[in-house]
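# Inside the fold
What follows is the residue order along each chain.
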Amino acid sequence: MDVIYEGKAKRVFADPTSEDRVIIEFTDSVTAGDGAKKKKFEGKGAIACDISEILFSYLEGKGIDTHYIKRLKGPQILCKKVMIFPVEVVCRNIIAGSFGKRYGIRKGTRFEQPLVEFFVKDDKHHDPLITMGAITRLGLMSRDDLQFLIRVTLSINYYLQELLKQRKLTLVDFKLEFGKTADDTIVVADELSPDTMRVWEGKSTPLDKDVFREGKGDLISAYSKLFNILRTAKPEEVEINREMVQVIVEPKSGIKNPPGEVTRKALLRLGFAEVDDVRVGKVFNITLKNPITTETLNHLNIMNVKLLSNPISEKHRVRLE
Amino acid sequence: MAIAVLRYPGTNNEDDVIRSLSLISGADPYLVPSRKGLAGLEKADGIFIPGGFSYGDYLRAGAVASVETITEGVRDLAENGLPIMGVCNGFQILVEMGLLPGALLPNESAHFICKWVYLKVSDKPTLFTEGIEGAVLRMPIAHAEGNYYCSDEELEAISDENRVPFKYCDESGYVDDSSNPNGSIQNIAGVLSQKGNVLGLMPHPERASRPILGSTDGLPILENFVRATKC
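What this report covers is the structure whose coordinates are included nearby.

Parameters and conventions
- Residues numbered from 1 in each chain as written.
- Chains lettered and ligands numbered in written order.
- Predicted model: local features only at pLDDT ≥ 70, side-chain atom pairs only at ≥ 80, totals over all residues.
- Heavy atoms only, no water.
- Helix = DSSP H or I, 4+ residues; strand = E, 2+ residues; numbered from the N terminus.
- Rg over C-alpha atoms; globule rule 2.2 N^0.38 Å.
- Buried < 20%, exposed > 50% of the residue type's maximum accessible area, 1.4 Å probe, protein only.
- Contact = heavy atoms within 4.5 Å.
- Areas by Shrake-Rupley, 256 points an atom, 1.4 Å probe, with all protein chains shown as cover.
- Lys, Arg positive; Asp, Glu negative; His and termini not counted.
- Charge placed at Lys NZ, Arg CZ, Asp CG, Glu CD.
- Salt bridge = Lys/Arg side-chain N within 4 Å of Asp/Glu carboxyl O.
- Pairing = 2+ DSSP bridges.
- Axes fitted to C-alpha atoms, helices over the stretch in contact; angles between N-to-C directions.
- Patch = residues over 30% accessible without salt bridge, like charges linked within 9 Å, V, L, I, M, F, W, Y side chains within 5 Å.
- Core = buried A, V, L, I, M, F, W, Y, C linked by side-chain atoms within 4.5 Å.
- Buried area = accessible area lost by both parts, 1.4 Å probe.
- Polar contact = N/O pair within 3.5 Å; in protein donor to acceptor, adjacent residues only side chain to side chain.
- Nonpolar A, V, L, I, M, F, W, Y, C, P; charged D, E, K, R; others polar.
- Parallel < 35°, antiparallel > 145°, perpendicular 65-115°, else oblique.
- Left-handed = near helix turned anticlockwise from the far one by under 90°.

### Quick notes on the overall build of chain B
For chain B, the count of helices and strands is five helices and 11 strands. The C-alpha atoms of chain B give a radius of gyration of 16 Å, which matches the 17 Å a tight globule of 231 residues would have. The burial tally for chain B puts 58% of its 231 residues in the buried class. Of all intrachain contacts in chain B linking residues separated by at least 6 positions in sequence, the fraction that spans at least 24 positions is 76%. Summed over its atoms, the accessible surface of chain B is roughly 9100 Å², and 49% of this surface lies on carbon and sulfur atoms. Once the 18 positive and 30 negative side-chain charges of chain B are each reduced to a mean point, those two points are 7 Å apart.

### Brief notes about the pattern of salt bridges
Residue and element names in this part refer to chain A. By the definition in use, this model includes 34 salt bridges over all chains. With a closest N to O distance of 3.7 Å, D190 and K175 form a salt bridge. In this pair, D190 is assigned in the loop between β12 (186-189) and β13 (197-201) and K175 in strand β11 (residues 169-180), connecting sequence segments 15 residues apart. Residue classification places D190 among the buried positions, given a relative accessible area of 10%.

### Notes on the sheet that holds strand β11 (residues 198-201) of chain B
Strand pairing in a sheet takes place through backbone hydrogen bonds and is either antiparallel or parallel in direction. All names here are of chain B. Strand order across the open sheet formed by nine strands is β2-β1-β3-β4-β11-β10-β9-β6-β7, with mixed pairing between neighbours. A single partner strand is all that each edge strand has here, and the edge strands are β2 (28-33) and β7 (136-143). Averaged over all neighbouring strand pairs, the angle between strand axes comes to 25°, with direction disregarded. As paired elements, strand β9 (residues 166-169) and strand β10 (residues 188-192) share two bridges and run antiparallel to each other. From the neighbouring strand, F166 faces β10, where its bridge partner is G190. Here helix α3 (residues 89-96) sits on the sheet in contact with β3 (46-49), β4 (84-87), β10 and β11, set at roughly 115° to β4.

### Digging into a negative patch on the surface
A contiguous patch of negative charge, built from D152, E153, E154, E156 and D160 of chain B, is present on the exposed surface. With relative accessibility at 52%, the residue E156 of chain B sits in the exposed group.

### Structural notes on the sheet that holds strand β15 (residues 243-251) of chain A
Residue and element names in this part refer to chain A. With respect to topology, three strands assemble into an open sheet ordered β16-β15-β17, the strand pairing being antiparallel. A single partner strand is all that each edge strand has here, and the edge strands are β16 (282-288) and β17 (314-319). Averaged over all neighbouring strand pairs, the angle between strand axes comes to 20°, with direction disregarded. In this structure, β15 lies alongside β17, joined through six bridges in antiparallel fashion. Looking across to β17, one finds that V249 is bridged to H316. On the sheet, helix α8 (residues 294-308) packs against β15, β16 and β17 and is oriented at approximately 155° with respect to β17.

### Some remarks on the nonpolar core
One finds F118, I156 and F178 of chain A to be the most contacted residues of the largest nonpolar core, which totals 74 residues. It is helix α4 (residues 143-166) of chain A that provides the largest number of residues to this core, a total of 10 residues. If near-sequence neighbours (up to four positions away) are discounted, F118 of chain A is found in contact with V87, E88, V89, P128, L129, I130, M132, I135, L146 and I150 of chain A. Membership of the second largest hydrophobic core comes to 65 residues, among which are I47, I70, A78 and I221 of chain B.

### As for the interface of chain A and chain B
Listed as interface residues are 15 residues of chain A and, on the opposing side, 16 residues of chain B. With both sides pooled, the region where chain A packs onto chain B buries about 1200 Å², and carbon together with sulfur makes up 67% of that total. By the criterion of area lost to chain B, the three top residues of chain A are P258, L307 and I312 of chain A, representing 41% of everything that side buries. The tally of links from chain A across to chain B stands at two salt bridges. Taking the shortest distance from any N to any O, the salt bridge between K256 of chain A and E108 of chain B comes out at 2.6 Å. Scanning the region where chain A abuts chain B turns up four residue pairs in polar contact (both at pLDDT 80 or more). Grouping the constituent residues of the side of chain A that touches chain B by class yields eight nonpolar, three polar and four charged.

### Focus: the packing of helix α1 (residues 44-61) of chain A against helix α6 (residues 219-231) of chain A
Residue and element names in this part refer to chain A. Where α1 contacts α6, the two axes come as close as 10 Å, and the packing angle between them is 25°. Our classification of the angle between α1 and α6 gives roughly parallel. In this structure, the crossing between α1 and α6 has a hand that is left-handed. Contacts from K44, I47, D50, I51, I54 and L55 in α1 reach L219, I220, Y223, S224, L226, F227, L230 and R231 in α6.

### Here we look at α3 of chain B
Residue and element names in this part refer to chain B. With eight of eight residues buried, α3 lies mostly within the body of the structure. Looking at α3, one finds that the buried residues are N89, G90, F91, Q92, I93, L94, V95 and E96. In the segment just after α3, G98 is the residue with positive phi, at about 80°.

### Describing the environment of L288 of chain A
Residue and element names in this part refer to chain A. Along the chain, the position of L288 falls in strand β16. Distance from L288 to N241, taken between C-alpha atoms, is 8.9 Å for residues 47 residues apart in sequence. Among all residues touching L288, those that are not within four sequence positions of it are R242, E243, V245 and T296.

Structure (structure tokens):
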């Protein structure tokens, strides 16, 4: 099989039977500290693959689009072929790793709300943190796609946290990669394993790559422990997280908006002389029964054209923030 | 001929319409509640969508009714050439479903307007204006969203294709801004579909169809509609 890509802990092969698929093989290598620390642990690839299989299947079952198709023999999974976005998404619930170092804050502080951060995939510059503004200005990704990634990441955070909570484990943080399939569906790609997430048992005992980073304990036994716990978790007991999107419908520019005009006059009567113009539109708060996917966004567009807005006189947009 | 008079939840002009149509010889109007779906249209030779406030005018006037099952049946029958008339909220439903061009926006004053207006009938012949070409009619309007709007291209098309049978005017038939009650583009009060078999208008011909109502100017429009159902 042809190797398409070789990363630090994975190899990607072309699927000889389909152009739209790839085979991802998990290797035994573990790296840390931006590649400064590197070691092989026999059997690590297989466990990371086992855990990815469990977690991708779980997320798919909850309605989140991933690249995962099925498990193959050995440490391999069959996946949809995607164009990977050049940005990695990190979601943090508790301060650990680079965040603590960056701001000089002690490990273990829990955020009130999960934090989503972006990092550019750029080994030469050590995968630097990047803002949304910089991403869009560098033309790496669109603002809409980034908003979508944030929503999916937070959704995954909910589902992973709930599953781990069943077994009294804590999801500290995790990294995701996303990609676009041939039919323009945005999916979660890469892997979901202790190589890419921090999971604590008890107060702060790591069951993840921190075992290697910090040189404490046996990596294989920590990974195996997490796998065995996940294997007995009950995905069906995790409740669906209802998500809300906003649809905003506004009068097109150039079209008179009488409700806005009478509102403007009323505001002037109240003495707000600074008001120059008022346009009145509508906001729809739509609660969904499932996570937001590319298909949901397509459906929202159709909903807008068919019912929520009158395309002749109004414009519409979906707000995910 | 059998004329289906549709009633959506919130329609309230159906009785006036049925009564006015009943007085025209050969017309057999019957009430069709929208929940009947496509079955309600089976024997129809013509369809009348009366005014009112279908679905409480929620979302936009006519928007919710425009996606009902029975409305899909109206679309199919329109394509088959059946005469169809929508008045006031009926007109709003027809534009929302795209059977007629344009949109009906809130009145320029942002007020509900209920008053008598004059309409200049187009000189050119249409299915609904036979015998009244070029006339000035007196009829009432009663609406909050009757401000007709369409794109410049659409406006050119409907004007060129003689699809604007009614315009708001003054008593002498002069069409200008001072006789425009609601801000409609070029004083448009009614439009026709491309085939000419579907008419939508904001003024109420059924409320101007008997002497006791103060005008009979709307009657010829209804008579032409009934006659068309026999073709």
